[in-house]
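# Commentary on secondary and tertiary structure
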Amino acid sequence: MDRYDGFREFVHARQQSLMRTAYLLTGDTHLAEDLLQSVLTKVAGHWPKLLRQGSPEAYTRRALINQHISWRRRTRRELPSAHPPERGHSHDDSTVDRIVLRQALMRLTPRQRAVIVLRFYEDRSERETAELLNCSLGTVKSQTHHALGRLRVLAPELAHLLVDAETQEVNR
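Residues numbered from 1 in each chain as written. Predicted model: local features only at pLDDT ≥ 70, side-chain atom pairs only at ≥ 80, totals over all residues. Heavy atoms only, no water.

## Notes on the confidence of the model for the protein chain
Applicable threshold: Per residue, pLDDT measures the predictor's confidence, with a range of 0 to 100. In DSSP terms, a helix is any run of H or I states spanning at least four residues, a strand is any run of E spanning at least two, and both are numbered starting from the N terminus. Contacts: residue pairs with any heavy atoms within 4.5 Å of one another.
Averaged over all residues, the pLDDT of the protein chain is 81; the fraction at 70 or higher stands at 79%. Mean pLDDT per element in the protein chain: helix α9 (residues 159–171) is the minimum at 57, and helix α2 (residues 29–45) is the maximum at 92. Every residue in residues 87–91 scores below 50 in pLDDT, and together they form four contacts with partners more than four places removed in sequence or on other chains.

## Re the environment of Leu64
The line we're drawing: Remark: exposure states derive from per-residue accessible area (1.4 Å probe, protein chains only) relative to the maximum for the residue type, with buried under 20%, exposed over 50%, and partly exposed in between.
Assignment of secondary structure puts Leu64 in helix α4 (residues 56–75). Residue class for Leu64 comes out buried when judged on its relative accessible area of 0%. Measuring from C-alpha to C-alpha, the distance between Leu64 and Ala114 comes to 9.7 Å, with 50 residues separating the pair along the chain. Here Leu64 is in contact with Leu18, Thr21, Ala22, Leu25, Leu35, Leu36 and Val39, once residues within four sequence places are set aside.

## Quick look at the pattern of salt bridges
The line we're drawing: Definition used for salt bridges: Asp or Glu carboxyl oxygen within 4 Å of a side-chain nitrogen of Lys or Arg.
Following the criterion strictly, the structure yields four salt bridges and no others. Where Glu57 meets Arg61, a salt bridge forms, and the shortest distance between an N and an O atom there is 3.1 Å. Residue Glu57 and its partner Arg61 are located together in helix α4, separated by four residues, close to a single helical turn. Glu122 is the salt-bridge partner of Arg124, the closest N and O atoms lying 3.2 Å from each other.

Written out as structure tokens, the structure reads:
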């Protein structure tokens, strides 16, 4: 039995989902590819252990988040932020909302962005998010609260989306 048995299948099955998460964390396709490649290299090294523990996806997602936060701490670079484009007659509201949301997400701290991505994009519970981030349930709740508040300040034009997120939060 090869020590990498099942690794290719795992990558093939989960690559698109993991890439989406990496993109949402970094906001850049090339950085997301680099992040995912770096993490998958580490996952391959731990593959037999991860199979025995039965948690390769959870480990991989946690590694994506941790690696991204680590990169951000090391580089401390500023991301350019342009004003959202003016509404033109050829853009529908959802496209503009996605652009504005992406720009606002990029201005959150890496931890806040990770919480928002896991909670609302990946539809993870607070408990799952806490496990993936290796933090307490209270930390997830406070980070969610602070991140939604920050998004409200950064992108007031997205208030209708944030109300939905808060409603979703209360109903869980």
